[in-house]
Amino acid sequence: QKVSVEVLDHLEQLALVDFRDAEGVERLQKAVQFADQLHEVNTDGVEPMDSVLEDRCLYLREDDVTEGNCTKELLENAKEKVEEYFVAPPGNIPLPKLGERETFLQGS
């Protein structure tokens, strides 16, 4: 099953993953095929779950702080910071324009 250009564009923006090459598109199509198998499972009469551990208590550990007050040292590793926060780039890949990808997808 083919993935439309619009879906591809939306997924790239959400995941910041580059699907411009044939291998990336093929990997995405295989993932969609794998997930489509879930439609074959009969779930009639099955109540939705909030968690797979609904019938058990979730065991929590104590949150013991062993060291701290190292904000200054940690922020020294930041390439860019604002106040006391790391600044991350808006994305790790340059996203192509929609028209550029239509040409690529016709060949896949």
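Presented here is a report on the structure given in the accompanying data block. (Residues numbered from 1 in each chain as written. Predicted model: local features only at pLDDT ≥ 70, side-chain atom pairs only at ≥ 80, totals over all residues. Heavy atoms only, no water.)

## Focus on unusual backbone geometry
A negative phi angle is the norm for most residues apart from glycine, just as the trans form is the norm for most peptide bonds.
Here comes step 1: Its identity as a non-glycine residue notwithstanding, Asn 69 has a phi of 55°, on the positive side.
Here comes step 2: Within the fold, Asn 69 resides in the loop between helix 2 (22-36) and helix 3 (71-75).
Here comes step 3: Judged by its relative accessible area of 83%, Asn 69 falls in the exposed class.
Here comes step 4: In this structure, Glu 83 is a non-glycine residue whose phi angle is positive, near 55°. (Helix = DSSP H or I, 4+ residues; strand = E, 2+ residues; numbered from the N terminus. Buried < 20%, exposed > 50% of the residue type's maximum accessible area, 1.4 Å probe, protein only.)

## Quick word on the environment of Lys 2
Here comes step 1: Structurally, the position occupied by Lys 2 is in the segment before helix 1 (5-15).
Here comes step 2: Classification of Lys 2 by relative accessible area gives exposed; the value is 57%.
Here comes step 3: Spatially, the C-alpha atoms of Lys 2 and Gln 29 are 6.9 Å apart, while their sequence positions differ by 27 residues.

## Considerations on the nonpolar core
Here comes step 1: If you look at the biggest cluster of nonpolar residues, it comprises five residues: Val 3, Leu 8, Phe 19, Val 25 and Leu 28.
Here comes step 2: Here Leu 28 is in contact with Val 3, Leu 8, Leu 11 and Phe 19, once residues within four sequence places are set aside. (Core = buried A, V, L, I, M, F, W, Y, C linked by side-chain atoms within 4.5 Å. Contact = heavy atoms within 4.5 Å.)

## Some remarks on helix 1
Here comes step 1: Turning to helix 1, its buried residues are Val 5, Leu 8, Asp 9 and Glu 12. Looking down the long axis of helix 1, one finds its buried residues gathered within 100° of arc, a one-sided arrangement. Looking at helix 1, the residues exposed on the side facing more than 90 degrees away from the buried face are Glu 6 and Leu 14. (Arc of directions from axis to C-beta.)

## Things to note about the pattern of salt bridges
Here comes step 1: Applying the stated criterion across every chain, the model contains one salt bridge.
Here comes step 2: The closest approach of N and O atoms between Glu 26 and Lys 30, which form a salt bridge, is 3.3 Å. Linking Glu 26 with Lys 30, this pair stays in helix 2, spanning four residues, or about one helical turn. (Salt bridge = Lys/Arg side-chain N within 4 Å of Asp/Glu carboxyl O.)

## Some points on helix 2
Here comes step 1: Taking 1.5 Å as the rise per residue, helix 2 with 15 residues should run 21 Å; its terminal C-alpha atoms sit 21 Å apart, in good agreement.
Here comes step 2: When we look at burial in helix 2, the residues that qualify are Gly 24, Val 25, Leu 28 and Gln 29. Buried positions in helix 2, seen along its axis, are confined to an arc of 135° and lie on one side of it. Exposed residues on helix 2 whose side chains face more than 90 degrees from its buried face are Arg 27, Lys 30 and Phe 34. (Expected span 1.5 Å × (residues − 1).)

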